[in-house]
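Observations on chain architecture
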Amino acid sequence: MTSALDADALRAELVAPHGPYSALDVVPTTRSTNADLAKAAVAGAADRTVLLSEEQTAGQGRRGRTWSSPRGGLYLSVLFRPTDVPAQRLPWLNLLAGVALVRVARSLEVPAALKWPNDLLLGSAQRKGAGILSEITAGVAQAVVVGIGLNVAPLPSDVQPAPGGLEPTSLADEGATADRNAIAISLLRELGALEAKWRETGGDPFASGLHEEYQQHSATVGERVRVELAGGVQLHGTAQRIEADGTLVVRAQDGTDHGVSAGDVVHLRRA
């Protein structure tokens, strides 16, 4: 599972005319594939450009956090330019990437679910196996970089828990045996197919079937949660549903519903 990524093999499977992507590159190391593709977007990189790295030295997470990126994982970013999709629907690219991750994990016979908005949970213990970070590129119309960090090989013992106390895991730690090239091809194919259908429907999560599939995979909807918002504010309640714009609706303890567009969600154990 720790064999090197083969750029030529990935291009042969994934880059047009054989696949959905316009360009694909693999680098041995970088600070952040998201940051690199954001710069490339400003310089005019094509829609559906892919960048993978063997490791990241400053991988990005939400709220400026770092993402641990040891060798043996799968770290990639994709530049999308969905110019015909309304801006308010762009957050679905983040959720769409989660659905792609679930499909891949389950194809490897690893139980998988999604914690809103950006975590892949693996195994019966629902430990964190991947994170997603989607960023709209400043100064470039309708350019979104979707970054995915997926733990593939067995994790070293010093990897720290994610925010909210989620224990880390990997596909290998959950029993998967496919190599990284095969996983990369599978993940990028699923991501490309989901994004194409979503884009064809103008980013409509209902017409594309994305909303239904996401909710089926959600480990958050129906759970008691604590949402840590900006400024140290906390919202306690029960997650009700995902809205059309990708926000999470949480019913507070006083019965009022709150739409949450950003925040750290902690699943609370049932009494």
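Refer to the preceding data block for the structure.
Below you will find a few notes about this structure. Since we're looking at a predicted model, the values are computed, not measured.

Here we take up the overall build of the protein chain. Across its full length, the protein chain carries five helices and twelve strands. Its C-alpha atoms give the protein chain a radius of gyration of 18 Å, near enough to 18 Å, the size a compact globule of 271 residues would have. If one aligns the C-alpha atoms of the protein chain with their principal axes, the spans along those axes are about 55 × 45 × 30 Å. Look at the contacts in the protein chain between residues 6 or more apart in sequence, and 64% of them connect residues 24 or more apart. Counting every atom, the protein chain has about 11700 Å² of accessible surface; 49% of that belongs to carbon and sulfur.

Leu52, Leu74 and Leu150 are the most contacted members of the largest nonpolar core, which totals 62 residues. It is helix α3 (residues 92-107) that provides the largest number of residues to this core, a total of eleven residues. Membership of the second largest hydrophobic core comes to eight residues, among which are Ala41, Ala45, Leu51 and Leu79.

Attention shifts here to the side chain of threonine 220. Its place among the elements puts threonine 220 in the loop between α5 (210-217) and β8 (224-228). Here the side chain of threonine 220 touches tryptophan 116 through a polar contact of 3.0 Å, landing on its backbone nitrogen. In contact with threonine 220, not counting residues within four places along its chain, are Leu114, Lys115, Trp116, Val225, Ala239, Leu248, Val265 and His267.

Time to look at the packing of aromatic side chains. Applying the stated criterion to the full structure yields one aromatic pair. Centre to centre, the rings of tryptophan 92 and tyrosine 214 are 6.3 Å apart; their planes meet at 90°, and the pair counts as edge-to-face. Of the two residues, tryptophan 92 is situated in helix α3 and tyrosine 214 in helix α5; the sequence distance between them amounts to 122 residues. Accessibility classification places tryptophan 92 together with tyrosine 214 in one group, the buried group.

Spatially, β11-β10-β9-β8-β12 is the arrangement adopted by the five strands of the open sheet, whose pairing is antiparallel. Looking along the sheet, the strands with just one partner apiece sit at the ends: β11 (257-260) and β12 (264-267). The sheet shows a mean angle of 45° between the axes of neighbouring strands, taken without regard to direction. Where strand β9 (residues 234-242) meets strand β10 (residues 248-252), five bridges bridge the pair, whose relative direction is antiparallel. Its bridge partner being in β10, glycine 237 is matched across the sheet by alanine 252.

With their axes 9 Å apart at the nearest point, α3 and helix α4 (residues 180-200) run at an angle of 140° to one another. As summarised for this structure, α3 and α4 are arranged oblique, according to the angle between their axes. Once α3 is placed against α4, the crossing between them reads as right-handed. Contacts between α3 and α4 involve Trp92, Leu93, Leu96, Ala97, Val99, Ala100, Leu101, Arg103, Val104 and Ser107 from the first element and Ile183, Ser186, Leu187, Glu190, Leu191, Leu194, Glu195 and Trp198 from the second. Its residues placed into classes, the contact of α3 with α4 shows 13 nonpolar, two polar and three charged.

Cut-offs applied
Residues numbered from 1 in each chain as written. Predicted model: local features only at pLDDT ≥ 70, side-chain atom pairs only at ≥ 80, totals over all residues. Heavy atoms only, no water. Helix = DSSP H or I, 4+ residues; strand = E, 2+ residues; numbered from the N terminus. Rg over C-alpha atoms; globule rule 2.2 N^0.38 Å. Contact = heavy atoms within 4.5 Å. Areas by Shrake-Rupley, 256 points an atom, 1.4 Å probe, with all protein chains shown as cover. Core = buried A, V, L, I, M, F, W, Y, C linked by side-chain atoms within 4.5 Å. Buried < 20%, exposed > 50% of the residue type's maximum accessible area, 1.4 Å probe, protein only. Polar contact = N/O pair within 3.5 Å; in protein donor to acceptor, adjacent residues only side chain to side chain. Phe/Tyr/Trp six-rings, centres within 6.5 Å; stacked < 30°, edge-to-face > 60°. Pairing = 2+ DSSP bridges. Axes fitted to C-alpha atoms, helices over the stretch in contact; angles between N-to-C directions. Parallel < 35°, antiparallel > 145°, perpendicular 65-115°, else oblique. Left-handed = near helix turned anticlockwise from the far one by under 90°. Nonpolar A, V, L, I, M, F, W, Y, C, P; charged D, E, K, R; others polar.

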